Amino acid sequence: MTTAIVWFRNDLRLHDNPSLRAALSEHDTVVPVYLWTPAEEQPWAPGAASRWWLHHSLEQLGAELERRGGKLHIRHGQSAAALLVDLCAETGASAVYAQRCYEPMLAKQEQSAAAKLNGVGARLQLAEGQTLLPLRASTKADGSPFRVFTPFWRNFMKEYIPSPPLPAPIRITMPQRVSTNYIADLGLLPRIAWDGGLRETWQPGASSALRALDRFATERIERYGKVRDLPAVVGTSRLSPHLRFGEISPRQIAWRLWQGLQAKDISAGAHETYFRQLVWREFAFSVLHHFPQTTDRPFNSRFNDFPWPMDRDDWFTSWRRGRTGFPIVDAGMRELWHTGWMHNRVRMIVASFLTKHCGISWLAGARWFWDTLVDADLANNSMGWQWSAGCGVDAAPYFRIFNPLRQGERFDPKGEYIRRWVPELRDAPIQAIHDPQRGRSKGLFDATYPEPILDLDERRQHALAVYRETRHHPAPRHV
DNA sequence: TGTTTGTTCTA
DNA sequence: AGAACAAAC
């Protein structure tokens, strides 16, 4: 009679879960656990919005386990290694099964867990699953990591073979009585109720993730290429928070798309446009894995002493609150605050505005997103912000500065997105919706809408000058 | 997956 | 006057 621990991490699902599957097939009983050790994840412990999601996701996972005769055990402590050693002693488990995680802190966590468990005669069995391909497989011919997306993409498409997801287990058999804490005791929910918008927007949990995937794959993928850049349209998959917590695996998404393609439900073009996004995620994980310092430092060392101004708290505050006076930026920042999510096109616009026009460090933006996004993912967030700031891998050229007025006109031509999120402009005529200064004197909209906090043209010129300087900084070195 | 500016062509 | 395009940042 053998017992194993199934340690759930960023894989809060029963479907397509290789660790769960292996534990069940190799042992008589299993103890499913979630370990909450935020100190170990610093300085990137889950932010407030992610914690909200995590709470509900754990509730859902617990319910799913109970439907199959199992139960999710909760432990809270300083280190996963110590908690696992305790659990093994308490249950007599000889092995711990978990998904390998590529975030630097989580990789460190699993190394120390493996060592500690070894010390008490138990083993840590790691399974791949966070990415479509194991990251060790995604290096160039000479063994060095990719730094440009397009070659990464070509290599990926050469290596990748779609495979079907594993089914969820029918029955979970547990040993008798293992003590547990309650999810509610982890204190993941906000103390003051700011989560109303999150509750009306999202339904965390694996079954909701599967429904979302199905809706996207049947109803929306065909138009994805056409409408994915329009924030007023529900045109993207909206799977990101589910994917972040592993309520759905990238393999489940890829397989569903693949099947649709085989069945000719969708065009190859639509499939590929979306699939590229999944591979961007793979690329982000690869970069994070090979360059773990890029969560806190610019990938391009020319930016090490970049003169981010420290004295523009007023601009940063306006940006966070969605009160910059630039409608598409404010709409995005308010969507983020209300729903814990922002359309990706708008993420690029607000990031370009913060880093280039305001000249504020990408890291400040990354931290704010980290705290407010329900899909905050270390790999994607770090890569996205460094890309926007122009200091990351395959980054936007320094002169690529989004003009928020132009971007608004291009991607929200009717101003629907702006009207939805910036109520002060609800009555503004279309001629003034993207550039309210044009209609301000005529009193055509709520005058409490803020004046622009800065002069776009002047700040653009300033950014060009400062960024041009970085070219004279010491050449980048990647260690 | 950029924006601006200047030039040329067309009406 | 305005579209289409190229070049520079």
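The structure reproduced in this document is the subject of the present report. (Residues numbered from 1 in each chain as written. Chains lettered and ligands numbered in written order. Predicted model: local features only at pLDDT ≥ 70, side-chain atom pairs only at ≥ 80, totals over all residues. Heavy atoms only, no water.)

## Topic: the pairing of strand E5 (residues 123-127)
Here is step 1 of the chain: Pairing of strand E4 (residues 95-99) with E5 involves 5 bridges; the strand directions are parallel. Looking at E5, one finds that Tyr 97 is bridged to Gln 125. (Pairing = 2+ DSSP bridges. Helix = DSSP H or I, 4+ residues; strand = E, 2+ residues; numbered from the N terminus.)

## What to know about the side chain of Asn 10
Here is step 1 of the chain: Mapped onto the elements, Asn 10 comes out in the loop between strand E1 (3-8) and helix H1 (18-26).
Here is step 2 of the chain: A polar contact is formed between the side chain of Asn 10 and the side chain of Arg 244, at a distance of 3.2 Å.
Here is step 3 of the chain: Setting aside anything within four residues of it in sequence, one finds Asn 10 in contact with Gln 99, Cys 101, Glu 103, Leu 106, Gln 130, Arg 244, Phe 245 and Gly 246. (Polar contact = N/O pair within 3.5 Å; in protein donor to acceptor, adjacent residues only side chain to side chain. Contact = heavy atoms within 4.5 Å.)

## Quick word on the nonpolar core
Most often, soluble globular proteins keep nonpolar side chains buried together rather than apart.
Here is step 1 of the chain: Counting 97 residues, the largest nonpolar core has Ile 253, Tyr 274, Phe 275, Trp 319, Val 329 and Phe 369 as the members making the most contacts within it.
Here is step 2 of the chain: Excluding its chain neighbours within four sequence positions, the residues that come into contact with Ile 253 are Leu 213, Leu 239, Leu 243, Ile 248, Tyr 274 and Leu 278.
Here is step 3 of the chain: Ranked by size, the runner-up nonpolar core spans 32 residues in total, among them Ala 22, Val 30, Leu 186 and Val 374. (Core = buried A, V, L, I, M, F, W, Y, C linked by side-chain atoms within 4.5 Å. Buried < 20%, exposed > 50% of the residue type's maximum accessible area, 1.4 Å probe, protein only.)

## A look at the pattern of salt bridges
Here is step 1 of the chain: Applying the stated criterion across every chain, the model contains 19 salt bridges.
Here is step 2 of the chain: Of the charged contacts in the structure, one is a salt bridge between Arg 9 and Glu 110, with a shortest N-O distance of 2.5 Å. Note that Arg 9 is positioned in the loop between E1 and H1 and Glu 110 in helix H5 (residues 104-119), a separation of 101 residues in sequence. Here Arg 9 matches Glu 110 in class, with each residue buried.
Here is step 3 of the chain: Several salt bridges converge on common partners, so that one network encompasses Arg 9, Arg 100, Glu 110 and Glu 128. (Salt bridge = Lys/Arg side-chain N within 4 Å of Asp/Glu carboxyl O.)

## A look at the packing of helix H10 (residues 250-262) against helix H11 (residues 268-290)
Here is step 1 of the chain: Where H10 contacts H11, the axes come no closer than 10 Å and their chain directions differ by 170 degrees. As far as their axial angle goes, H11 and H10 are roughly antiparallel. In this structure, H10 uses Pro 250, Ile 253, Ala 254, Leu 257, Trp 258 and Leu 261 to contact H11, whose residues at the interface are Ala 268, His 271, Tyr 274, Phe 275, Leu 278 and Arg 281.
Here is step 2 of the chain: Residue composition of the contact of H10 with H11, by class: 10 nonpolar, 1 polar and 1 charged. (Axes fitted to C-alpha atoms, helices over the stretch in contact; angles between N-to-C directions. Parallel < 35°, antiparallel > 145°, perpendicular 65-115°, else oblique. Nonpolar A, V, L, I, M, F, W, Y, C, P; charged D, E, K, R; others polar.)

## Examining the sheet that holds E5
Two pairing modes exist for strands in a sheet, parallel and antiparallel, and in both the strands are linked by backbone hydrogen bonds.
Here is step 1 of the chain: Pairing in this open sheet of 5 strands is parallel, and the strands run E3-E2-E1-E4-E5 from one edge to the other. Both edges of this open sheet fall to strand E3 (73-76) and E5, since each of them pairs with a single strand only. The average angle at which neighbouring strand axes cross in this sheet is 30 degrees, direction not considered.
Here is step 2 of the chain: Sheet analysis places E1 next to strand E2 (residues 29-36), joined by 6 bridges and oriented parallel. Residue pairing for E2: Thr 3 is matched across the bridge by Thr 29.
Here is step 3 of the chain: Helix-sheet contacts for H1 involve E1, E2, E4 and E5, and the interaxial angle to E4 is about 155 degrees.
Here is step 4 of the chain: Set on the sheet, helix H3 (residues 48-67) makes contact with E1 and E2; between it and E2 the angle comes to about 170 degrees.

## Observations regarding the protein's contact with DNA strand B
Here is step 1 of the chain: Contacts to DNA strand B come from Trp 280, Arg 345, Met 348, Phe 399, Arg 400, Ile 401, Phe 402, Asn 403, Arg 406, Gln 407, Arg 410 and Arg 460.
Here is step 2 of the chain: If you look at DNA strand B and keep only atoms within 4 Å of the protein, 68% of those are sugar or phosphate atoms.
Here is step 3 of the chain: Within the contact set of DNA strand B, a phosphate oxygen lies 2.7 Å away from a side-chain nitrogen or oxygen of Asn 403.
Here is step 4 of the chain: Taken together, the elements giving at least two residues each to the surface near DNA strand B come down to helix H14 (344-357) and helix H17 (404-411). (Near = heavy atom within 4 Å.)

## Structural notes on helix H21 (residues 456-470)
Here is step 1 of the chain: Between its first and last C-alpha atoms H21 spans 21 Å; for 15 residues at 1.5 Å apiece the expected length is 21 Å, and the two agree.
Here is step 2 of the chain: The complete set of buried residues in H21 reads Leu 456, Arg 459, Ala 463, Leu 464, Val 466, Tyr 467 and Thr 470.
Here is step 3 of the chain: For H21, the elements touching its buried residues are helix H12 (313-321), H14, helix H16 (378-389) and H17.
Here is step 4 of the chain: For H21, the N-terminal capping position is held by Asp 455, with its side-chain oxygen 3.0 Å away from the main-chain nitrogen of Asp 457. (Expected span 1.5 Å × (residues − 1).)

## What about the protein's contact with DNA strand C?
Here is step 1 of the chain: Neighbouring DNA strand C are the residues Tyr 398, Phe 399, Leu 464 and Arg 468.
Here is step 2 of the chain: Here Arg 468 contributes a side-chain N or O atom positioned 2.7 Å from a sugar or linking oxygen of DNA strand C.
Here is step 3 of the chain: Residues belonging to the surface near DNA strand C are distributed by class as follows: 3 nonpolar, no polar and 1 charged.

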